[in-house]
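If you want the building blocks of each chain, they are given just below.
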Amino acid sequence: MLSRFDPEQGTIKHYSVNACLTLVAAVHGLAVTTVEGVGSLRGGLHPVQERISRAHGSQCGFCTPGMVMAMYALLRNTPRPAWHQLEQHLAAALAGLHEGRPERPRSAAVAGR
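Residues numbered from 1 in each chain as written. Predicted model: local features only at pLDDT ≥ 70, side-chain atom pairs only at ≥ 80, totals over all residues. Heavy atoms only, no water.

- As named in an unreviewed UniProt entry, the protein chain is [2Fe-2S]-binding domain-containing protein, taken from Penaeus vannamei.

Structure representation (structure tokens):
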């Protein structure tokens, strides 16, 4: 997740990005948060990680962290997201893997829906 201060609104905006496609130079001056920075077994899992785990929502070692970061960034910006917002943020994490429908019920639990 990349975070940047928006001086016009006086808030910090958070963006989930595909680390495989993001150039290092593109993150200059931004705060970078990795899935390990969100939570861990040692320091405690973030509620997004906990709920994915409890709902048996894990995929491969690449897309599950992507889903965690997409939902984490969304929840940082919008604590009570609408369905369409949740689907938009998960679309990038699930692109090319499958249509994302099997994850929808589990993702809804993460968003408190």
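1. Some details on the overall build of the protein chain
Then, number 1: Assigned secondary structure in the protein chain consists of five helices and three strands.
Then, number 2: A total of 113 residues make up the protein chain; the buried ones form 31% of that total.
Then, number 3: Across the protein chain, contacts joining residues at least 24 apart in sequence account for 54% of those joining residues at least 6 apart.
Then, number 4: For the protein chain, the exposed area adds up to about 7,400 Å²; of that, 57% sits on carbon and sulfur atoms. (Helix = DSSP H or I, 4+ residues; strand = E, 2+ residues; numbered from the N terminus. Buried < 20%, exposed > 50% of the residue type's maximum accessible area, 1.4 Å probe, protein only. Contact = heavy atoms within 4.5 Å. Areas by Shrake-Rupley, 256 points an atom, 1.4 Å probe, with all protein chains shown as cover.)

2. Considering helix H2 (residues 47-54)
Then, number 1: Those residues of H2 not exposed but buried are Val48, Gln49 and Ile52. Within H2, the buried residues cover an arc of 100° as seen down the axis, which keeps them to one side.
Then, number 2: His56 sits one or two positions beyond H2 and adopts a positive phi of about 55°. (Arc of directions from axis to C-beta.)

3. With respect to the packing of H2 against helix H3 (residues 63-77)
Then, number 1: Two numbers describe how H2 lies on H3: the axes approach to 9 Å, and their chain directions differ by 135°. By the angle between their axes, H2 is oblique relative to H3. Crossing geometry of H2 relative to H3 is assigned as right-handed. In this structure, H2 uses Val48, Gln49 and Ile52 to contact H3, whose residues at the interface are Thr64, Val68, Met71, Tyr72 and Leu75.
Then, number 2: By residue class, the composition of the contact of H2 with H3 is six nonpolar, two polar and no charged. (Axes fitted to C-alpha atoms, helices over the stretch in contact; angles between N-to-C directions. Parallel < 35°, antiparallel > 145°, perpendicular 65-115°, else oblique. Left-handed = near helix turned anticlockwise from the far one by under 90°. Nonpolar A, V, L, I, M, F, W, Y, C, P; charged D, E, K, R; others polar.)

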